[in-house]
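# Residue-level structural notes
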Amino acid sequence: FVVGSDGYIYEGRGWNHIGRHTRGHNAIGYGVSIIGNYMAKLPSRHAMDLLRFQLVPCAVNGGGLTSNFTIQGHRQVVNYTSCPGDALFSEIRSWEHFRE
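A brief structural summary. Values in this document were obtained by computation on a predicted structure and should not be read as measured data. (Residues numbered from 1 in each chain as written. Predicted model: local features only at pLDDT ≥ 70, side-chain atom pairs only at ≥ 80, totals over all residues. Heavy atoms only, no water.)

## Observations concerning the overall build of the protein chain
- Of regular secondary structure, the protein chain possesses three helices and three strands.
- Secondary structure elements of the protein chain occur, N-terminal to C-terminal, as β-β-β-α-α-α.
- Classification of the 100 residues of the protein chain by burial places 30% in the buried group.
- Within the protein chain, contacts between residues at least 6 apart in sequence are counted, and of these 56% link residues at least 24 apart. (Helix = DSSP H or I, 4+ residues; strand = E, 2+ residues; numbered from the N terminus. Buried < 20%, exposed > 50% of the residue type's maximum accessible area, 1.4 Å probe, protein only. Contact = heavy atoms within 4.5 Å.)

## Quick notes on the side chain of His97
- Position of His97 relative to the elements: it lies in the segment after α3 (86-92).
- Among the polar contacts made by the side chain of His97, one reaches the main-chain carbonyl oxygen of Phe69 at a distance of 2.9 Å.
- Beyond its immediate sequence surroundings of up to four residues, His97 is in contact with Ser67, Asn68, Phe69, Thr70 and Ile71. (Polar contact = N/O pair within 3.5 Å; in protein donor to acceptor, adjacent residues only side chain to side chain.)

## Points about the packing of aromatic side chains
- Counted according to the given criterion, the structure contains two aromatic pairs.
- Note on Phe89 and Phe98: the rings are 5.8 Å apart at their centroids and 75° apart in plane angle, and the pair reads as edge-to-face.
- Taking the ring centre of Phe89 as reference, the NZ or CZ of Arg75 above it sits at 4.7 Å. (Phe/Tyr/Trp six-rings, centres within 6.5 Å; stacked < 30°, edge-to-face > 60°. Lys NZ or Arg CZ within 6 Å of the ring centre and 35° of its normal.)

## Quick notes on the environment of Asn16
- Its place among the elements puts Asn16 in the loop between β2 (9-10) and β3 (33-34).
- In this structure, the C-alpha to C-alpha distance between Asn16 and Gly64, residues 48 residues apart in sequence, is 8.5 Å.

## Details of the nonpolar core
- Among the nonpolar cores identified, the biggest contains 16 residues, and Val3, Ile34, Met48, Leu51, Leu88, Ile92 and Trp95 are the most heavily contacted of them.
- Within the residue set of this core, elements represented by two or more residues are α1 (45-61) and α3.
- In terms of residue count, α1 provides more of this core than any other element does, six residues in total.
- Apart from residues no more than four positions distant in its own chain, Leu51 is found in contact with Val3, Val32, Ile34, Val56 and Trp95. (Core = buried A, V, L, I, M, F, W, Y, C linked by side-chain atoms within 4.5 Å.)

Here is the structure:
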């Protein structure tokens, strides 16, 4: 899934297909990107809210995620990336379901 600054969430492979975003973790999770570079600044509040308050509840209510899901940054499961950027990673560390 991709969250755009245009106010839309775009579906990549979707709920029922295994992605290729995190070696060894693709079968147990979903990848979500927010378009942009977030090393020094955060995405818009609107983009983050789309992810947190639209996509995530849709996934839980539709059975795509269990209610006790875990959020991790891409850098936690792929050791050669700085994704999702330092600023955004710092932000998601404060979100309810984040785990080290």
